[in-house]
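Observations on the three-dimensional arrangement
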Amino acid sequence: MTGLDYHDKIAVLDLGADENRFSPDFLDEVNAHLDTVLADGATGLVTTASGKFYSNGLDLDWLGANADRTAWYVGRVQALFARVLTLPIPTAAALPGHAFGAGAMLAIAHDNRVMRADRGYFCFPEVDIHIPFTPGMAALVQAKLSPKTAVASMTTGRRFGGADASAVDIVDATAGEGEVTTAAIAMLAPLGAKDQATLGAIKNTMFASAVAALTADS
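Counting restarts for each chain, with residues numbered from 1 along the sequence as it is written. This being a predicted model, a pLDDT of at least 70 is required before a residue's local features are given, and a value of 80 or more before pairs of side-chain atoms are given or counted; all residues contribute to the totals for chains, interfaces and linings. Computation of side-chain values: all heavy atoms of the structure, hydrogens and water removed.

By definition, any uninterrupted DSSP run of H or I lasting at least four residues is a helix, any uninterrupted run of E lasting at least two residues is a strand, and each is numbered from the N terminus. Scanning the protein chain from terminus to terminus reveals eleven helices and ten strands. It is over C-alpha atoms that the radius of gyration is taken, and the globule rule equals 2.2 Å times the number of residues to the power 0.38. For 218 residues, the compact-globule formula gives about 17 Å, and the C-alpha radius of gyration of the protein chain, at 16 Å, lands near that figure. Each residue gets one of three labels from its accessible area relative to the maximum for its type: buried under 20%, exposed over 50%, partly exposed in between, using a 1.4 Å probe on protein chains only. Split into buried and exposed, the 218 residues of the protein chain put 52% on the buried side. We call two residues in contact whenever any of their non-hydrogen atoms come within 4.5 Å of each other. Nonlocal contacts in the protein chain, meaning residues at least 24 apart in sequence, comprise 76% of its contacts between residues at least 6 apart. Carbon and sulfur atoms make up 55% of the accessible area of the protein chain, which totals about 9600 Å². This count recognises Lys and Arg as positive and Asp and Glu as negative, with His and chain-terminal groups excluded. A charged residue contributes its charge at one atom only: NZ of Lys, CZ of Arg, CG of Asp or CD of Glu. Across the protein chain, 15 positive and 24 negative side-chain charges occur, with their mean positions spaced 5 Å apart. In these tables, accessible area is a Shrake-Rupley quantity obtained with a 1.4 Å probe, and a residue counts as shielded only by the protein chains included in the view.

Further remarks concern the sheet that holds strand β4 (residues 53–55). In spatial order, the strands read β4-β6-β8-β9; together these four strands make up an open sheet with mixed pairing. Strands at the two margins of the open sheet, each flanked by one partner only, are β4 and β9 (159–160). Where strand β8 (residues 122–123) and β9 come together, two bridges link them in antiparallel fashion. Counted as the bridge partner of Phe122 is Phe160 from β9. Contacts from helix α4 (residues 102–109) reach β4, β6 (98–100) and β8 within the one sheet, and its direction differs from that of β6 by about 100°. The rule for pairing is simple: two strands pair if DSSP sees at least two bridges between them. Interaxial angles span 0 to 180 degrees and are taken between N-to-C directions of axes, which are lines fitted to C-alpha atoms, for helices over the stretch in contact.

Our focus in this paragraph is the nonpolar core. If you look at the biggest cluster of nonpolar residues, it comprises 54 residues, and the most contacted ones within it are Phe22, Tyr73, Phe81, Leu95, Phe122 and Phe124. For this core, the element with the most residues is helix α3 (residues 70–85), which contributes eight residues. Not counting the four nearest positions on each side in its chain, Phe124 is found in contact with Gly101, Ala104, Met105, Ile108, Phe133, Val141, Leu145, Ser153 and Gly157. Residues Val12, Val46, Ala92 and Ala184 belong to the second largest nonpolar core, which totals eleven residues. Note on terminology: a nonpolar core comprises buried Ala, Val, Leu, Ile, Met, Phe, Trp, Tyr and Cys residues joined through side-chain atoms within 4.5 Å.

Turning our eyes to something else, we now look at α4. Counting buried positions along α4 gives eight out of eight residues, so the element sits mostly inside the fold. All of the buried residues along α4 are Ala102, Gly103, Ala104, Met105, Leu106, Ala107, Ile108 and Ala109.

Inspection of helix α7 (residues 147–154) places Thr149, Ala150, Ser153 and Met154 among the buried residues, and these make up the whole buried set. Down the axis of α7, the buried set is contained in an arc of 110°. They therefore lie on one face. Residues Pro147 and Lys148 are exposed on α7 and point more than 90 degrees away from its buried face. On its buried side, α7 packs onto α5 (126–129), α6 (135–144) and β9. Taking the helix axis as origin, the arc is that swept by the directions to the C-beta atoms.

A separate point is the packing of aromatic side chains. Think of it this way: a Phe, Tyr or Trp ring, Trp meaning its six-membered ring, pairs with another when their centres are within 6.5 Å, and the plane angle makes it stacked under 30 degrees, edge-to-face over 60, tilted otherwise. Summed over all chains, the structure comprises six aromatic pairs. Through successive ring pairs, a cluster of aromatic residues spans Phe22, Phe26 and Phe81. Positioned over the ring face of Trp72 is Arg69, at 4.2 Å from the centre of the ring. By definition here, charges over rings are those cases where NZ of Lys or CZ of Arg is within 6 Å of the ring centre and within 35 degrees of the ring normal. Note that Arg159 overlies the ring of Tyr121, its terminal NZ or CZ placed 6.0 Å from the centroid.

Moving on: the side chain of Lys144. With respect to the helices and strands, the residue Lys144 is situated in helix α6. Here Lys144 is buried and forms no salt bridge, its nearest opposite-charge partner Asp111 lying at an N-O distance of 4.9 Å. Leaving out residues up to four positions away in the same chain, Lys144 has contacts with Leu85, Ile108, Ala109, His110, Asp111, Arg113 and Phe207. The term salt bridge refers to a side-chain nitrogen of Lys or Arg lying within 4 Å of a carboxyl oxygen of Asp or Glu.

Here the focus is the layout of surface pockets. Looking at the largest pocket, its volume works out to about 320 Å³. Mapped by element, the contributors of at least two residues to the lining of the largest pocket are α2 (60–65), α3, α4 and α5. Residue composition of the lining of the largest pocket, grouped by class: twelve nonpolar, four polar and two charged. Any residue with an atom within 4 Å of a point lines the site, the site being either a cavity, points on a 1 Å grid over the protein atoms alone where a 1.4 Å probe fits but cannot get out, or a pocket, an open set with protein on both sides within 12 Å along at least 5 of 7 lines. Grid points are joined across faces, edges and corners, and a volume is the space filled by probe spheres set on the points. Residues are sorted three ways: Asp, Glu, Lys and Arg are charged, Ala, Val, Leu, Ile, Met, Phe, Trp, Tyr, Cys and Pro are nonpolar, and all the rest, Gly among them, are polar.

Okay, structure coming up:
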């Protein structure tokens, strides 16, 4: 179950305590929370989780039972990535545990990332689970990571711990147990309030190619 709280004017969106896979209901909840965050005039957004996973990504069980709706489902997931990528407030993902596949892509869509130093992996396992990246997903990752890191993470299925992820700029910082959300908030707090129209326009220009790829079939 997702939940929304505030630290002063910074919104903190908890994705849940389980694997936080992207079921259609989960996507509905997250988008509703984002609507609320913007309507409330929050000055920043931190997403995190309260269990051992930040997110394990796509809901493969739902996909297996609804194969005829795959295109619709992938379109909704990619629309969330595009929305977070261009959200008109500063954003940070606080990773208290594993971020895999589409869960790692959601983290990449944020402006900044903080990962627990001593537990959890950041991983794009697509090459090992026989699921090629869509053009939109590839464009998102490549928009945020250096070419060398994109190759290392997208073509090998490597599991990056916190220190390794920080060394190649997948995450911006690491923190101890129970401190990742606090560290993410501390990243955003000095930025203060930004004009949403201006910041949104800047992000849409910066990431125009990735957004076009993510929303091409929506």
